[in-house]
Amino acid sequence: MIINQFLVLAALLFSIGIYGVLVRRNAVLVLLSIELMLTAVNINLVAFGSYIQDTLRSGQVFALFVITVAAAEVGIGLAIVVLVFRNRASANVDELDLMRW
Amino acid sequence: MFDYHALAPELILGITLLAAIAVDLVVPERLKYLVGVTALLGLVAAALPLITLAACSGIAGCAATGPRVLFGGSYVVDDFALVLKGLFIVSGVISLLLSVGYLESDDYYQGEFYFLLLASVTGAVIMASARDLITIFVGLELVSAPAFLLAGWRKGDRRSNEASLKFFLTGVLSAAVMLFGMSLVYGLTGNITFAGIAQAITAFGLQSEPALVLAVVFVIVGFAFKISAVPFHFWAPDTYEGAPTPVAAYLSVGSKAAGFVGLLTICYQAFAPVRSIWGPILWVVAALSMTVGNLIALRQTNVVRLLGYSSIAHGGFILVPFAMAALYDQAGLADAFFGSITYVLFYAFLNLGAFAAVIAVVHKVGSTEITDWGGLNRYAPGLAALVTVFFFGLAGVPPLAGWFPKFVMFRAVLGVFESPWAIALAVIAAVNAVIALVYYAGVVKRVYMDNVPVNAPVDRVAGRRLAPSLVLALAITAAATVIFGFFPQLLAFFGDVTRAFVAAP
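The rules behind the values
Residues numbered from 1 in each chain as written. Chains lettered and ligands numbered in written order. Predicted model: local features only at pLDDT ≥ 70, side-chain atom pairs only at ≥ 80, totals over all residues. Helix = DSSP H or I, 4+ residues; strand = E, 2+ residues; numbered from the N terminus. Rg over C-alpha atoms; globule rule 2.2 N^0.38 Å. Expected span 1.5 Å × (residues − 1). Buried ≥ 20, exposed ≤ 12 C-beta atoms within 10 Å, placed from the backbone. Contact = placed C-beta atoms within 7 Å. Nonpolar A, V, L, I, M, F, W, Y, C, P; charged D, E, K, R; others polar. Core = buried A, V, L, I, M, F, W, Y, C linked by C-beta atoms within 7 Å.

Participant: Hey, could you go over the overall build of chain A for me, with residue numbers and the actual values?
Facilitator: Broken down by element type, chain A carries three helices and zero strands. Tracing chain A from N to C terminus, the helices and strands come up as α-α-α. For chain A, the C-alpha radius of gyration of 17 Å lies well beyond 13 Å, the compact-globule estimate for 101 residues. Considered along the principal axes of its C-alpha atoms, chain A spans approximately 50 × 25 × 25 Å.

Here it is in structure tokens:
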């Protein structure tokens, strides 16, 4: 099995995710970019898991945990975004500037 | 047979979580404080098995059974874990005591608050025992996820919304970065337990493998977000200011200590063979955290923001013993580990006390602006004295408790050998200890020497009584600050027993 293509894909996804977090202004899109980074982690884990033929399947199990926790966090995150949107009629992260320095 | 005794604190906390939800469902609106009572009883009950576990481990002398290893080495209950579990439960109890009166006067959803706080403490207790990547990740998320919601508790308040969203986005981003590092560690070593990772790094000769360097950097950056170390600190003061003050107290102690526990276990166990990678990184992070945190704290006008920046600076002090780890021998490493743990233990009591005093003063004065605190001594001399005790304690003025952890920290970085880098870091730390005194003393000066501001709302709120639970929290932390100042060995003993963590292969 050749692992390189999986690692390159994961690295690309992770980089696109970081770019999205830095550039996107809408909180929902920032959240989606973070999900992209977590997907990159999952690809990495599953690829490594089958590459090293881990008898405990640690990589695959880890990926399942990441998916579950990510789902829980998106639930919390969307709740917070909805709350912010209700109070300010905007989910733009640039406008969160009540507190600085 | 499965060792239920070792897992008893977590089991009790889990059962209490469910009980808290059930109680919240059945009690009427005016009796919601009963959920808080349930949570408090659960925390106290979870502390009992800690004592019985300690009785048959190194802490009480008879190390007959040794560390209890569960789940194939993924979950270890040793002296280090017991001490940190105790710290998390105590800080959970004090945060709960701070919250009760605050929430009642605020008229917000009480029941869910206690449930979330308890869930976060449970995560921290799990982290203390976690010895593999999956467990520590799940524990860390269990600490953070309820905390995101707690920070946004005042739903109608825009500042609280903003605090919550900033905390959430940085928290999830840091988790993603850390996970990417962990996935690389797993791929390179083929192991997820810390002991297995350390063995594989040595066995495969990965010490100078570029991919491992990248992985270590990612994991450290992830934890640096959690402990709000500079340059990953920007969320912390905003979150502390916007969140309800008891939540800020919990975040700056419980959640932060959980981040340090994760960093300590990963660095000193999984990444023990690559100390030369994480040592220099943490040298820079420690120096920056102390300096930037203190310099920005100097110009704060809001006392909660001031405590936020000062907690960043204290995070830097806790990282100082990490910095020279690459050059230490085994005994020096144990000293450094002891230095960090002891600082966390003392800092927890001092900072919780400082936040308790702030909550009490805000209750009287109605403002977190330091200028409004002028002349507090005239109408609330007891509170003024408490503010003095905690702020001078945080500054490290003897005989209050803050001096001892600073002493241990300096001894850890200087005591073992003389390297120009160690001396430079010690000088930076010493200068920062002095800078910190300036802003802590500034608040005390306002309280004692300034006049009561003309437009202060003091007349309106001066007659308010403090909630009994808040008085109890103030009494506990003030007693700890004074007693541990005169007899630091009482608390340092618990730091001392954790040395075994480093000595174990």
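Participant: Describe helix H8 (residues 210-226) of chain B, with residues and values.
Facilitator: Residue and element names in this part refer to chain B. Along its 17 residues, H8 runs 25 Å from first to last C-alpha, staying within 8% of the 24 Å computed at 1.5 Å per residue. Among the residues of H8, those classed as buried are Leu212, Ala215, Val216, Phe218, Val219, Ile220, Gly222, Phe223, Ala224, Phe225 and Lys226. Contacts from the buried residues of H8 go to helix H5 (133-151), helix H6 (158-189), helix H10 (245-270) and helix H11 (275-298).

Participant: Account for the interface of chain B and chain A, naming residues and giving values.
Facilitator: The interface of chain B with chain A comprises 32 residues on the first partner and 34 residues on the second. Elements with a minimum of two residues in the side of chain B that touches chain A: H5, H6 and helix H9 (235-242) of chain B. When residues of the side of chain B that touches chain A are assigned to their parent elements, the largest contribution, 17 residues, is made by H6(B). In terms of residue class, the side of chain B that touches chain A is made up of 17 nonpolar, seven polar and eight charged.

Participant: Can you explain the nonpolar core? Please cite residues and give values.
Facilitator: Residues and elements named next belong to chain B. In terms of nonpolar packing, the biggest core is built from 237 residues, with Ala176, Ala286, Ala357 and Val387 touching the most fellow members. In terms of residues, this core owes the most to one element, helix H13 (residues 330-365), which gives 24 residues. When near neighbours in sequence (up to four residues on either side) are disregarded, Val387 contacts Ala357, Val361, Val443, Val444 and Val447.

Participant: Lay out unusual backbone geometry in plain terms, naming residues and giving numbers.
Facilitator: Here the bond from Val230(B) into Pro231(B) is cis, since omega is 5°, no more than 30 degrees from zero. Counting through the fold element by element, Pro231(B) comes out in the loop between H8 and H9. A cis amide bond links Pro398(B) to the next residue, Pro399(B), at an omega of 5°. For Pro399(B), the location among the structural elements is in the loop between helix H15 (381-395) and helix H16 (403-414). A positive phi angle, near 50°, is found at Gln53(A), a position not held by glycine. Inspection of the secondary structure assignment puts Gln53(A) in the loop between helix H2 (27-51) and helix H3 (58-88). Here Gln53(A) falls in the exposed class, since 9 other C-beta atoms lie within 10 Å of it. The backbone phi angle of Ser228(B) is positive, close to 50°, even though this residue is not glycine.

Participant: How would you sum up the environment of Leu206(B)? Please name residues and give values.
Facilitator: Residue and element names in this part refer to chain B. Structurally, Leu206 is set in the loop between helix H7 (194-204) and H8. Between the alpha carbons of Leu206 and Leu298 there is a distance of 44 Å; along the sequence they are 92 residues apart. Each residue touching Leu206, except ones within four places of it in the same chain, is listed here: Leu188, Ile201 and Leu212.

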